[in-house]
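Here's the letter readout for the chains.
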Amino acid sequence: MGYVNRRNRTIAGVFLLPTVAVLFLTTIYPMLYALYLSFRNYDLAKPFIPRIFVGLANFQEVLTSGPFMHSMWITFKLMAVTLTFQFVIGVGLALLVTQRLPGMAAIRTLLLIPMMISPVIVGLVWLFIYFPELGYLNYFIGLIGINPIPWITSTQWALTAIAIADIWQWTPFVMMGTAAALQSLSPEPYEAALIDGNSRIDVFLYVTLPQLKPVLISLLFLRAIDAFKIYDIIFVLTKGGPGDATETIALYIYRQSFTFWRMGVGAAASFVSLIIISVLITLFFKSMQKSAVAR
Amino acid sequence: MNKISTRQATFVYIVTGIILIIFMIPIYLILASSLKPSADMFSRPPTVFFTPTLQHYVDLFTLRPFHQNILNSLIVTLGSTAFSVTVGSLGAFALSRIRHPRINDAAFWILSMRMFPPIAVVVPYYIIFKSVGLLDTPLALIIVYSTANIPLTVWLMKGFFDEVPEALEEAAQVDGYGIVEIFYRITLPLAAPGLAVCAVFCFIFSWNEFLFALMLTGSSAQTATVAVMSFWSSDAVQWGRIMAGSFIILIPGVIFVLTCQKWLVKGLTLGSVK
């Protein structure tokens, strides 16, 4: 028990009280309020109409009508594409920047910059790059003979355009995490494997990768949690459009709540998304505990 | 890592060099476009050598009240950082010192509070703040940002407090110190670097935030990120101003990367990577 005896434990509880009280008021209470709204018909444009109890009608609309399921599909499709690229490029980069060569530390530092930039700024600079008629990207791909691509104005390309911006911002995160993990591994197994005459690729696949696995899984869940919430970049680039081509769950909730003023439906969709993200969060914590035990 | 040959080193430099250039292009574009005269903004071929102008920066502060937006951002950011680090480090100390089989669950529960999608709670916040008259005030954003900053501080500071040897605190207790005195005279000074790390993370998060700032502020409490977005209007896009504003906003993040890279891993991976 150490020096923290019964009396001190009570005081330790007092230390914890402000955190719990603030979080309850500012997080749990709004969530419960969202739950309350999700059972009501609440039109924010007409605040004087009573908020009628509508039972599970909002949930029924969210779960059985097309648009929410469509936004779920878009969200997971975007997540799958961005995470794949972020991990392939990020892990590859980590292997490169951890080589003991002069200048590598500086390169690695510069590569970290994108993820510290406000997502709204990321959206704006990519909007500048993709901009119809004027954007630099179409000019440069024109130089190598590719016809202009309607990056953000066609349903066919808009999601790709968003994915590229997100991959640009978050690949450094995967690189950073993987590089840190690589440097904490002990060098002996590689040296032994290389001396035994295995190729570098084999050494990576059978010696390095298994050791990196716990860290990569934690990073994967962290990225998945963030990807699930993606909002700012899409808001700037396409606002969910054209049509509903890039409408992720966050954009669906935004549109229901602040374009159609259907707060009840927005709240019901929010609640469904809270349940999904709780699953991802639980998986992240499990992976963290596992890697702590492995250590 | 093992030694590599000159040929392999050349390969490593070429590949990382190309990737580095690709990754730096958007950042270069922000800086270059913020200094380019509007006439050259989209010239073909792109002008690499142009006479830089500070006109867009001047416009930001004369034609637009961008200093007011920056001031709002600073009030919100510093307010939330101070509040979160104070409340969060108290909570972290408790979690670090209480011995209970389920204390880790409590820590995870607190951390999970920052992982929920902001969009899911923005409607309740909007309605609550509207009913108590806090819409479009810095205080509303200070409260909202603290819901993300406090859990992060609790989580990170717990790690720092765990490393302070309890023997020191026991010795102080023998000397007759109460637990509050032990906390701020002994434990907190020893974990001071942690406080700085948490403060920086809270600062960057609040400074960069957009969604809540967009929904919960109007003209008077508008922060810098929302203001920059507002320069984008369909009739005339002020790219020079957007880029000048963007560059100002990205400065704190870049300084952070260049100065405390060591802490970046810990903070951003929430300690899941050592």
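Residues numbered from 1 in each chain as written. Chains lettered and ligands numbered in written order. Predicted model: local features only at pLDDT ≥ 70, side-chain atom pairs only at ≥ 80, totals over all residues.

Asker: Sorry, what's going on with the domain arrangement of chain B here?
Answerer: Residue and element names in this part refer to chain B. Once the domains are mapped, chain B shows domain 1 (6–53) and domain 2 (57–268). Relative placement of domain 1 and domain 2: their C-alpha centres are 32 Å apart. At the junction of the two partners, domain 1 supplies seven residues and domain 2 supplies seven residues. Split by residue class, the side of domain 1 that touches domain 2 holds three nonpolar, three polar and one charged. (Domains from an automatic or database assignment. Contact = placed C-beta atoms within 7 Å. Nonpolar A, V, L, I, M, F, W, Y, C, P; charged D, E, K, R; others polar.)

Asker: What's the story with the packing of helix H3 (residues 66–97) of chain A against helix H9 (residues 200–228) of chain A in this structure? I'm lost.
Answerer: Between two packed helices, what matters for the description is the angle formed by their axes and the separation of those axes. Residue and element names in this part refer to chain A. Interaxial distance between H3 and H9 falls to 10 Å at its minimum, and their mutual angle equals 140 degrees. The angle between H3 and H9 places the two elements in the oblique class. Along this stretch, H3 crosses H9, giving a crossing that reads as right-handed. Contacts between H3 and H9 involve Thr 75, Leu 78, Met 79, Thr 82, Leu 83 and Gln 86 from the first element and Leu 220, Arg 223, Ala 224, Ala 227 and Phe 228 from the second. Across the contact of H3 with H9, the residue classes break down as seven nonpolar, three polar and one charged. (Axes fitted to C-alpha atoms, helices over the stretch in contact; angles between N-to-C directions. Helix = DSSP H or I, 4+ residues; strand = E, 2+ residues; numbered from the N terminus. Parallel < 35°, antiparallel > 145°, perpendicular 65-115°, else oblique. Left-handed = near helix turned anticlockwise from the far one by under 90°.)

Asker: What should I look at first to understand the interface of chain B and chain A in this one?
Answerer: Each side of the interface is counted separately: chain B has 78 residues, and chain A has 86 residues. With 13 residues, helix H1 (residues 6–35) of chain B is the largest single contributor of residues to the side of chain B that touches chain A. A per-class count over the side of chain B that touches chain A returns 55 nonpolar, 16 polar and seven charged.

Asker: I'm lost on the nonpolar core in this one. Help?
Answerer: Where a protein is soluble and globular, its nonpolar side chains tend to be buried together. Within the largest apolar cluster, 158 residues are counted, with the highest numbers of intra-cluster contacts made by Leu124(A), Ile162(A), Leu237(A), Val122(B), Leu141(B) and Leu216(B). Looking at this core element by element, the count peaks at 15 residues for helix H6 (residues 138–162) of chain B. In contact with Ile162(A), other than residues within four places in its own chain, are Leu78(A), Ile233(A), Ile234(A), Leu237(A), Thr238(A) and Thr246(A). (Core = buried A, V, L, I, M, F, W, Y, C linked by C-beta atoms within 7 Å. Buried ≥ 20, exposed ≤ 12 C-beta atoms within 10 Å, placed from the backbone.)

Asker: What is the right way to look at unusual backbone geometry in this model?
Answerer: Across residues other than glycine, the phi torsion is negative in most instances, and most of the peptide bonds are trans. Residue and element names in this part refer to chain A. Positive phi values are uncommon outside glycine, yet Glu 133 reaches one of about 70 degrees. For Glu 133, a count of 7 C-beta atoms within 10 Å puts it in the exposed group. Of note in this structure, Trp 261 is not a glycine but carries a positive phi near 60 degrees. Here Trp 261 is to be found in the loop between helix H11 (249–259) and helix H12 (263–294). Overall, Trp 261 belongs to the partly exposed group, with 15 C-beta atoms counted inside 10 Å.

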